[in-house]
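# Summary of structural features
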Amino acid sequence: VVDGQLAGAPPLQPDARGRFSARVDTSAMVGPAAQHQLSVWAEDAPAAVPLRFRVDPAGTLAARADDPAGDDRGALGPHAGRYQYPTDPSWGANRQMDLRAVAVHTAGGALRIDIGLHRLTTLWHPANGFDHVHLTVFIALPGEGPGATVMPLQDGALQDFPELNGMTWHRRLRGGGWSNALFSHEGADATREGTPVAPGAALRVDAARHTRSLTLPAAALGRKASLAGARVWVTTWDYDGGYRALAPEPGAFAMGGAPAGSPKVMDASAVLRLR
């Protein structure tokens, strides 16, 4: 019996020496911070004292890309390189949307994405441990059919940008200081994010290294035996009830440097292909 789920417990038959074994499905277990428990129960006998364990599903480096410092000025479209942060000083030299590195680790069908930024701040006391930046991650899964190219709510589409080499996406992860949501490409369009997927990502923040880690279990990615050949693309912007507004001139809490309707991408990683 795992985590008290008696209905899903497999029946076991001890051998002549009273020994037995069972395989535990950890594909839906997210993040090493969560503690799980396992016990054994039999008719007319008390349950065994539970064993407690944790699952850290992602451990082998599958791809890594460093990102130049100071290129957080708009990554896509005809106005790339001209974008500006809001004028409120809480951004300023903090440059929270400046990507510095992305590393992807895998373990079977599970995935961990470590995203390094110029600086992580907690000026607005965010529940998730960082603010003034929102991360949107697009994932193309191996062995899947055609994915989506639209970038929901970001005023762009992947096919518009040759540097993405025809990438489409099957999972899209969007997260910031107060939200953490995972979607599949089904039903996605310019104004709809797609179909919600559970379980979502486990979050971990390393404030000293200005790094945020996102861990997705295999159950969120189609329970694949391997993610070799998958592609991952990370973008930054900010979010305030929606992706933060963009205008030709920045405001106290509005991005500037491009007309409304331009792609809402401040910085972007290279497309990482997993090995």
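Structure report, in brief. The structure presented is a predicted model; accordingly, all values stated were derived computationally and were not measured.

Within the open sheet, the 5 strands sit side by side as β3-β4-β5-β13-β12. Their pairing is antiparallel. In this open sheet, the two edge strands, each paired with only one partner strand, are β3 (60-66) and β12 (202-206). Taking the axes of each pair of neighbouring strands and ignoring which way they run, one obtains an average angle of 15° across the sheet. The pairing of strand β4 (residues 99-107) with strand β5 (residues 110-117) spans 8 bridges and is antiparallel. In the sheet register, A101 faces β5, and the bridge partner there is G116.

Inspection of the secondary structure puts S262 in the loop between β16 (255-256) and β17 (267-268). Among all residues touching S262, those that are not within four sequence positions of it are H79, Y83, Q154, D155 and L246.

Glancing now at the environment of Y243. With respect to the helices and strands, the residue Y243 is situated in the loop between β14 (231-237) and β15 (246-247). In the structure, Y243 is positioned 14 residues away from G229 in sequence and 30 Å away in space, judged by C-alpha atoms. Every residue in contact with Y243, bar those within four places of it in the chain, is listed here: T136, P152, L153, Q154, R172, R174, W237, D238 and K264. Of note is the side chain of Y243, whose polar atom sits 2.7 Å from the side chain of T136.

With the rule as written, the count across this model stands at 11 salt bridges. When the shortest N-O distance is used, the salt bridge between D66 and R64 registers 2.7 Å. We note that D66, like R64, is exposed. A salt bridge links D114 to R112; the nearest nitrogen and oxygen atoms lie 3.1 Å apart. Each of the two residues, D114 as well as R112, counts as buried. The structure contains a network of salt bridges with shared partners spanning R172, R174 and E193.

So, how was this worked out
Residues numbered from 1 in each chain as written. Predicted model: local features only at pLDDT ≥ 70, side-chain atom pairs only at ≥ 80, totals over all residues. Heavy atoms only, no water. Pairing = 2+ DSSP bridges. Helix = DSSP H or I, 4+ residues; strand = E, 2+ residues; numbered from the N terminus. Axes fitted to C-alpha atoms, helices over the stretch in contact; angles between N-to-C directions. Contact = heavy atoms within 4.5 Å. Polar contact = N/O pair within 3.5 Å; in protein donor to acceptor, adjacent residues only side chain to side chain. Salt bridge = Lys/Arg side-chain N within 4 Å of Asp/Glu carboxyl O. Buried < 20%, exposed > 50% of the residue type's maximum accessible area, 1.4 Å probe, protein only.

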